[in-house]
Structures are given as structure tokens and as C-alpha cells.
Amino acid sequence: MSSIGTGYDLSVSTYSPDGRLFQVEYAGKAVEAAGVAIGLRCSDGVVLGVERILHSKLLVKGANRRIQSLDDSIGLASAGLLADGVHLADRGRDEVWNFRETYNAPIPTQILADRLSMYVQAYTAYSSVRPFGVSSLVAGVDKTGPRLFCIEPSGVFYGYRGYAVGKGAVLARTELEKAVGKETEEGGVALTCREGVLEVARIIHLVHDDNKDKEFELEMTWISPESNMKHAVVPADLLAEADAKGKAALEEGMEED
Amino acid sequence: MNQLHSFQAVPSTRNAFDAYSTLPEPPRPQSTHAPRAHTQQPIVTGTSVLGIKYEGGVMLAADNLASYGSLARFKDIQRLHPLGDNTCLAVAGDMSDFQYMTKLLDATLRADRSVSLTDTHPPFSPQNIYTYLSNLYYARRSKVNPLWNAILVGGWDKEKKESFLAYVDLLGTTYSAPTLATGIGAHIAQPLLREAYEAKAGVDGKGPLLTGQEAEELLDTCMKVLFYRDARSLNKYQIATISNDGVKISDSKSSETEWGFAEGLRGYGPQTQ
């Protein structure tokens, strides 16, 4: 680590000689340290799930959510510094309001992701601020259908069929590739939201490291026909089922090893 | 003398006092800087709306007409507006102010929904929405820039398990009663509503309330009477039913009417005797 930065990492307004912005890369480290957040675009909606690490036994159950609503049919899950995620969601709600005020229509998910990404990008261009320490999954259903985007600390955003950010995201992404891969096979179809919830829960349990990590709460929301195409928490019974099946799949996997 | 000069020399009669003017106000002095004027009259308007408490909820009625002066301009306008799961508005008066107000309230409720995952509190009760509205309307009249409406707020309070019905208008006037009507409906329909309500519930309202079916039939009667007597009404109306099950707004419907008596009317119109 000693040679990292070497003077070029003090400000986000200074490039390193090989054209990197170290502060933005360090923001990425804050994301990697946080519990995983997964988004999965399904045939009939989008599912979001996060592994909410409980850093204290004194925490109220269900408190400090990492998934927030931006509009009736748009949710945002963040991985990284929780307060940065809350601030970004706040900004997102302003953009939602602004779009509706201007055009009298709900904001398309892609336009919201674009506007938010430009906001994040602005924090990579001034020495007086630090970049956002979050990667955010923006999930929404609009007239173009179910959409999923990830906005990174650098301000770039891409659309995905499924994506994961945070600790263990690499493993989670290969698992998502398998799930999404079925869709592209001959005659294959995408998972439904109900199946997606089980899949996301399974991957979160798989990625969670029981030995190193503290306990976690499974937090899941969706935009599905069952929630009337609104962004809402996954019903308690389905969440419990997904949680239990996720755990069971993990134990099954361990026996095979 | 050039033409322009002679034109200016003609004395203007525009600002002269006209003792025989039928306008509600004398004409104001013309100036290049007109005084800033707020809303002084409604433009596109809806006529009276009705509300009544019944066994298990509230019903509201409003016709589908938005008039432009005395012209029946828009005949397919819904003047019942649901807010959340258990509140509904019935709105009379200026339709653009109605649209502005509902847009504002919808945005407020949407903003509340979008923080509901992380900032939980019970959903807005009908009383909450009514208080917001009455504050808004009184604040606007205090700026001498009123929102030109008379509104009935009907709702079912899920916490208290009781119905809610109250009135607020462009002056910020507020009151509540088990039967309510705005505008000309307050003169023509309100007595009919009260009579039927009190026949069952008694003057103190302690007896049994009307059933849902009785309440709807009563509203049908009142809407028919209003259609006969109110020149700004339309024989096409909707009824909102607000109960523990939520807000239900009916399809538009009409009353059977009989106009044979009009043949015998004398005193105006084309008759010669």
C-alpha cells in the first residue's frame, strides 16, 4: 500500500500521471467493504435485496434500511456509506418531483439513473468535495418495462439484467450470470419476480461469510404484479420462505463439499 | 397637425364613470402598469356536490359537468378525487383550481409514500387531509388569492373506525355535519338529506344510520331534484363510496326525468298566452 497514491490521491481534482483519480478508486473500496446489494430484473418486474449487516445487538429489528423508494415504482438499494446512500436517494426524490412537475408524467427509470449519475459525477470534479462512497442499484418499472441500473462512485451507470455490489459481489455476479443465462438459452425465459426473490435470497446467503461477518438481516423489496407494480417490501411470508430456502441451500452446498 | 396628434387629441371616454353600468364593479382606471390582480372570479366551474354519512361509511355525489359561464362546456369531468386508501374529495367551483389542488395533494401523498419504507408513520387519516386542505384554503384567502372551490372531504378513519365528513371553501370556512352540500345544493338538497337522515337517526343522530342502499337512493333523488332546479347541473353524475374497504367511485349514471309539466308553464318563453 505504501506506494499507492504517492501524492496524487489527496484531491479528486488531481489526476495521477497515468490518468487515474485515486479518490474515486478509494470510494470504490468503501463500497467493497459494505454488505452485498443485489438487483435482478425479472420477466414481470424487478427484485432488490441487501445483506444488512447488524453491527450491534442493540439495533431495532428492521431499522436502518438500505433500500429506499424514490417514486411509486422506483427503488434504490445502496452499498457503501449508508448516509451517502440516503442523501443520494433524497436527491433522487427531488429529481422524481422535478420531472413530474415539468412533464406531468412519472420519470422513466433510465432518465432518473442518468440524472443521478450526473449528480454523482459532479462530486468527482471538485477538490472541495469527496466522491460518493456508494454504488447504487436503481430498479424501476416504467412503460419501457422492468429496468435495472447501477451508478458507481465515478458517476458512470450501466443497465443490467442482474447485478451485485458490495462485499462478495464478484461471486454474486457469477451466480447471477447463471440465473440470467437461462433466459438467453434456447426457449429460455427470465425468472418471474417470485422466483427472483428466492434466487436473490439464495445468493445473499451464499455470499455471506458466516465466519468473518457479523449476523445480518435479509432486506428485500420488489416491483412486481403482486405489489401492483409499486415499489414495496416483499411480503413477510415470502421473505421468510426465501430466507429459509436460502439458508437450506447453503447447508446443502456445504454437505456436498 | 399630423394624424397621430389628432388621434390623441380625441378625448377618451374609456375611463368615464358610467352610472348605468351593469358590471359588478366600476371600470378601473387604465394604466400602462395594471395593478397586480389575483383571481376575482372562477372561470370553468363545477356546480354543487353532496355528502352523507351512512352505516359503515360516507357517500359523496358530484355531476360530470364543468361549465364555462352558463355554457355546459365539458360534460365528462370527474369531480370526485380519491386521496390515499380511505379519503375522497368532492369538489365544486373553479376546475383549474381543483386540478391544481389535487396535483399538490397527490404530490404530497406520493412524497410521503416514498419515504414510508424508512420513515414509517400511520397513513394520513381523512382528518389529516382535511386539516391540510383547510390550512391551504385559509392561507390562500389570507393572501387575497383564493383557490375558488367548495370541497367536501369524505373518509373512513381506520384507527377510530368511524366515518368523516367535512366542508371547506375558498374563504377557509370549515364545518362538519352528517349531511353536507355546497352551493345551491345547500339550499335545495341539504333539507332533503337532513330530513331522510333524521327520520332514521333522529335529530341527535343517535339512532341507526341509513344503509348503503338507502343512502345511495337518497343521493339519486337529490341529484335528480338538483338537475330539475339547478341550471348549471347535468343529468350525469357519479357517487363515491368510502368505507373500511376503501374508496369506490361509481360509473356515471343518470336519473329518469319527466318534462311533460313544462308544457303547462306560463310566464316566459315563446307562449303567447
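Residues numbered from 1 in each chain as written. Chains lettered and ligands numbered in written order. Predicted model: local features only at pLDDT ≥ 70, side-chain atom pairs only at ≥ 80, totals over all residues. Heavy atoms only, no water.

Details of the packing of helix H5 (residues 190–201) of chain B against helix H6 (residues 212–229) of chain B
The axes of two packed helices give the description: the angle between them and the distance between them. All names here are of chain B. Remark: H5 packs on H6, axes separated minimally by 10 Å, with the N-to-C direction vectors making an angle of 155°. The pairing of H5 with H6 is recorded here as roughly antiparallel in orientation. Classified by chirality, the crossing of H6 by H5 is right-handed. In contact with Leu192, Leu193, Ala196 and Lys200 of H5, H6 contributes Glu214, Leu218, Leu219, Cys222 and Val225. For the contact of H5 with H6, the residue count by class is seven nonpolar, no polar and two charged. (Axes fitted to C-alpha atoms, helices over the stretch in contact; angles between N-to-C directions. Helix = DSSP H or I, 4+ residues; strand = E, 2+ residues; numbered from the N terminus. Parallel < 35°, antiparallel > 145°, perpendicular 65-115°, else oblique. Left-handed = near helix turned anticlockwise from the far one by under 90°. Contact = heavy atoms within 4.5 Å. Nonpolar A, V, L, I, M, F, W, Y, C, P; charged D, E, K, R; others polar.)

Thoughts on the packing of helix H2 (residues 82–103) of chain A against helix H3 (residues 109–122) of chain A
All names here are of chain A. Between H2 and H3, whose axes approach to 10 Å, the crossing angle comes to 130°. By the angle class used here, H2 and H3 are oblique. Like other packed secondary-structure pairs, H2 and H3 cross with a definite hand, here right-handed. Contacts between H2 and H3 involve His87, Leu88, Arg91, Gly92, Glu95, Val96, Asn98, Phe99 and Tyr103 from the former and Ile111, Leu112, Arg115, Leu116, Tyr119 and Val120 from the latter.

Considerations on the UniProt feature "domain: Proteasome alpha-type subunits" (unreviewed entry) in chain A
UniProt annotation of "domain: Proteasome alpha-type subunits" (unreviewed entry) refers to residues 8–30 of chain A when read in the numbering used here. Within the segment residues 8–30 of chain A, helix and strand shares are 39% and 0% respectively, and the terminal C-alpha atoms sit 19 Å apart. (UniProt positions renumbered as here; feature names shortened; annotations may be inferred.)

Remarks on the pattern of salt bridges
Should their charged atoms come close, side chains of opposite charge can pair. Residue and element names in this part refer to chain A. On inspection of all chains with the given rule, the structure shows 22 salt bridges over all chains. The residue Arg91 makes a salt bridge to Glu95 at a minimum N-O spacing of 3.0 Å. With Arg91 and Glu95 both in helix H2 and four residues apart, the pair spans about one turn of that helix. On the basis of relative accessibility, which here comes to 10%, the residue Glu95 falls in the buried class. Between Lys178 and Glu175 there is a salt bridge, with the nearest N and O atoms lying 3.0 Å from each other. Residue Lys178 and its partner Glu175 are both found in helix H4 (residues 169–184); the two are separated by three residues, about one turn of the helix. (Salt bridge = Lys/Arg side-chain N within 4 Å of Asp/Glu carboxyl O. Buried < 20%, exposed > 50% of the residue type's maximum accessible area, 1.4 Å probe, protein only.)

Some thoughts on helix H2 (residues 95–114) of chain B
With 20 residues, H2(B) should cover 28 Å at 1.5 Å per step; its first-to-last C-alpha distance of 28 Å lies within 8% of that length. What H2(B) keeps buried is the set Met95(B), Asp97(B), Phe98(B), Met101(B), Thr102(B), Leu105(B), Leu109(B), Arg110(B), Asp112(B) and Ser114(B). (Expected span 1.5 Å × (residues − 1).)

Describing the environment of Ala89(A)
Tracing the backbone through its elements, the reader meets Ala89(A) in helix H2. Leaving out residues up to four positions away in the same chain, Ala89(A) has contacts with Gln68(A), Leu70(A) and Leu76(A).

A word on the sheet that holds strand S9 (residues 216–223) of chain A
Residue and element names in this part refer to chain A. Strands sit in the order S8-S1-S2-S9-S10 across an open sheet of five strands; the sheet is antiparallel. Each edge of the open sheet carries a strand with a single partner, namely strand S8 (162–165) and strand S10 (231–233). Averaged over all adjacent pairs, the angle separating strand axes in this sheet is 15°, with direction ignored. Bridging between strand S2 (residues 46–53) and S9 involves eight bridges; their strand directions are antiparallel. Residue Glu51 lies in a different strand from S9, and its bridge partner there is Leu218. Here helix H5 (residues 193–207) sits on the sheet and contacts strand S1 (37–41), S2 and S9; the angle it forms with S9, its principal contact strand, is near 155°. (Pairing = 2+ DSSP bridges.)

Structural notes on the environment of Ala63(A)
All names here are of chain A. On the secondary structure map, Ala63 appears in the loop between S2 and strand S3 (67–71). When its relative accessible area of 26% is taken as the criterion, Ala63 is described as partly exposed. Sequence separation between Ala63 and Tyr126 is 63 residues; the distance between their C-alpha atoms is 34 Å.

Some words on the confidence of the model for chain B
Residues with a pLDDT of 70 or more make up 89% of chain B, whose mean pLDDT is 90. Across residues 1–10 of chain B, where pLDDT falls below 50, the model places one contact with residues more than four positions away in sequence or in other chains. (pLDDT = per-residue confidence, 0-100.)

Quick notes on the pairing of strand S2 (residues 50–54) of chain B
Residues and elements named next belong to chain B. Among the five residues in S2, five count as buried, and that is most of the element. Judged by which residues are buried, S2 turns out to be covered on both faces: Leu50, Ile52 and Tyr54 on one side and Gly51 and Lys53 on the other are all buried. Two strands pair when backbone bridges link them, and S2 and strand S3 (residues 57–63) are joined in this way by five bridges, in the antiparallel orientation. Bridging across to S3, Gly51 finds its partner in Leu60. As paired elements, S2 and strand S11 (residues 179–181) share three bridges and run antiparallel to each other. Paired with Ile52 across the bridge in S11 is Thr179.

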